[in-house]
Amino acid sequence: MGRELRLIEGDAAMRARLFKQGAAHKYAHGHALVLAGGLGLTGAARLAARGALRVGAGLVTVAAPAAAMPECAAQLTAIMLRQVDDADALAGLLADSRLNALCLGPGLGVSEGTRQMVTVALAVQRATVLDADALTAFAEVPEALFARLHPATVLTPHGGEFARLFPDLAKQGAADPGRPPAARAELVRAAAERAGAVVLLKGAETLVATPRGACALNDATGPRAAPWLATAGAGDVLAGLIAGLMARGVDAGAAAETAAWLHVEAARTVGPGLIAEDLPEALPAVLRELAG
Ligand SMILES: NC(=O)C1=CN([C@@H]2O[C@H](COP(=O)(O)OP(=O)(O)OC[C@H]3O[C@@H](n4cnc5c(N)ncnc54)[C@H](OP(=O)(O)O)[C@@H]3O)[C@@H](O)[C@H]2O)[C@@H](O)CC1
Ligand SMILES: Nc1ncnc2c1ncn2[C@@H]1O[C@H](COP(=O)(O)OP(=O)(O)O)[C@@H](O)[C@H]1O
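Residues numbered from 1 in each chain as written. Chains lettered and ligands numbered in written order. Predicted model: local features only at pLDDT ≥ 70, side-chain atom pairs only at ≥ 80, totals over all residues. Heavy atoms only, no water.

Caption draft 1: Representation of the sheet that holds strand β6 (residues 127–131). If you trace the ten strands from one edge of the open sheet to the other, you get β1-β10-β9-β8-β7-β6-β5-β2-β3-β4, paired in mixed fashion. Taken across any chain shown, the strands that pair with only one partner, and hence form the sheet edges, are β1 (6–7) and β4 (80–83). Relative to strand β10 (residues 215–219), strand β9 (residues 205–209) is paired through five bridges, and the arrangement is antiparallel. Counterpart to Val208 in the pairing with β10 is Ala216. Its contacts with the sheet put helix α11 (residues 234–247) on β2 (31–35), β5 (99–104), β6, β7 (153–156) and β8 (198–201), and the angle it makes with β6 is roughly 175°. (Pairing = 2+ DSSP bridges. Helix = DSSP H or I, 4+ residues; strand = E, 2+ residues; numbered from the N terminus. Contact = heavy atoms within 4.5 Å. Axes fitted to C-alpha atoms, helices over the stretch in contact; angles between N-to-C directions.)

Caption draft 2: Structural context of unusual backbone geometry. Its identity is not glycine, yet Gln125 carries a phi of approximately 60°, on the positive side. For Gln125, the location among the structural elements is in the loop between α5 (112–123) and β6. Gln125 sits in the exposed class, given a relative accessible area of 53%. (Buried < 20%, exposed > 50% of the residue type's maximum accessible area, 1.4 Å probe, protein only.)

Caption draft 3: Quick peek at the packing of aromatic side chains. Counted by the stated rule, this structure contains two aromatic pairs. With a centroid separation of 5.2 Å and an interplanar angle of 10°, the aromatic rings of Phe146 and Phe166 are classed as stacked. Here the residue Phe146 occupies a position in helix α7 (residues 142–146), and Phe166 occupies one in the loop between α8 (159–165) and α9 (167–171), the gap between them amounting to 20 residues. We note that Phe146, like Phe166, is buried. Relative accessible area serves as the criterion here: at 0%, Phe166 is assigned to the buried category. Taken together through their ring pairs, the aromatic side chains of Phe146, Phe162 and Phe166 make up a single cluster. (Phe/Tyr/Trp six-rings, centres within 6.5 Å; stacked < 30°, edge-to-face > 60°.)

Caption draft 4: Layout of the packing of helix α12 (residues 252–270) against helix α13 (residues 278–291). Direction vectors running N to C along α12 and α13 enclose 100°, while the axes themselves pass 8 Å from each other. Our classification of the angle between α12 and α13 gives roughly perpendicular. Residue-level inspection shows Trp261, Leu262, His263, Glu265, Ala266, Ala267, Thr269 and Val270 of α12 in contact with α13, the latter providing Asp278, Leu279, Ala282, Leu283, Ala285, Val286, Leu287 and Leu290. Its residues placed into classes, the contact of α12 with α13 shows twelve nonpolar, two polar and two charged. (Parallel < 35°, antiparallel > 145°, perpendicular 65-115°, else oblique. Nonpolar A, V, L, I, M, F, W, Y, C, P; charged D, E, K, R; others polar.)

Caption draft 5: Region of the structure containing the pairing of β6. When you tally the buried positions in β6, you get five out of five residues, the bulk of the element. Where burial is concerned, the two faces of β6 agree: the one with Ala127, Val129 and Asp131 and the one with Thr128 and Leu130 are both buried. Here four bridges tie β5 to β6, and the two strands are oriented parallel to one another. Across the sheet, Ala101 pairs through a bridge with Ala127, a residue of β6. Across four bridges, β6 lies against β7 in parallel orientation. The residue of β7 that forms the bridge with Thr128 is Thr153.

Caption draft 6: Region of interest: the site of ligand 2. For ligand 2, the set of nearby residues contains 17 residues, the closest of which are Lys202, Gly203, Gly233, Gly235 and His263. Here an oxygen atom of ligand 2 sits 2.9 Å away from a polar atom, N or O, in the main chain of Gly203. Within the backbone of Ala234, one N or O atom sits 3.4 Å away from an oxygen atom of ligand 2. Protein coverage of the free-state accessible area of ligand 2, which is 570 Å², stands at 77%. With respect to the detected pockets, ligand 2 is housed in the largest pocket. Among the elements that line the shell around ligand 2, the one with the most residues is α11, at four residues. Classifying every residue of the shell around ligand 2 by side-chain character gives nine nonpolar, six polar and two charged. (Near = heavy atom within 4 Å. Polar contact = N/O pair within 3.5 Å; in protein donor to acceptor, adjacent residues only side chain to side chain. Areas by Shrake-Rupley, 256 points an atom, 1.4 Å probe, with all protein chains shown as cover. 1 Å grid on protein atoms, 1.4 Å probe; cavity = no way out; pocket = protein on both sides within 12 Å on 5 of 7 lines; lining within 4 Å. Sits in = over half its atoms within 2 Å of the grid points.)

Here is the structure:
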């Protein structure tokens, strides 16, 4: 018999981890850092950063290379901005241990520079989300990535990215939407065990597996269907939501599950016509409804 596949729900445990209490100041709610790509490529990181801020990280900073600083500065207000041109500069910035959750990948580019930044980020052993180009950059050398991962890392591949890192598991149908989630869950568990990190495989039926063998389903079919979530940048926002929750101290598995659930609720609040920018802005209504 297969192992349990839990359904992610907006329950009391989720409420307990989402709502801020008491008189704590902003640093008590964590500081998320989102790495941005070059000129003209910063939209994805800005979407992620906005998600991190809306989900309650106390502070969010975007780090961008020199050429992209004016573009970011023109677009960011509550979100802070720092210049980071390469892996050495990132290492310098990370000397500030208050930057407690990192998000790398959206719009970052598939390059040696991205691999070096991922390596630096993983070396400091802080809560980290790796998405998009941070995954694709290791397509030729997935074992080099897995060797550096730690349990506070969340990988958020879509089906294509999953196949680049786990080609054998993809061939067995891990990301095949025609297969039942319970069958796919075993393959996503195998991915998480191999990687030594949480793996969130995106789709209408998103699966979240931990390296210890737990697996949960965020079901966006049937009554929770939100097909309009298949829009450019939606996954970038999801990566930011996870980073924001981890900045607040939520562990990797719970952060991935909670973010996936909120993401679909936000999409359902907006409805058809949704674009990625709408997702962070829909969060206050989702959180209000969840609070009851
Ligand atoms: N506003 C912005 O700035 C935005 C910036 N963005 C940034 O762009 C960068 C590239 O990201 P990306 O995801 O668009 O492209 P890529 O990594 O080449 O993968 C796409 C290929 O994979 C395959 N594929 C298979 N299954 C799949 C699935 N389930 N879902 C999706 N794809 C699937 C499929 O190939 P096929 O199967 O069709 O041959 C497809 O052609 C990245 O940095 C991202 O952050 C975007 O987020 C958009 C908004
Ligand atoms: N048919 C669908 N129904 C519900 N959610 C979907 C559907 N298709 C994709 N999604 C969600 O939309 C997001 C797309 O992310 P991704 O593929 O990374 O796009 P991008 O790179 O443009 O941000 C994921 O969170 C995924 O779970």
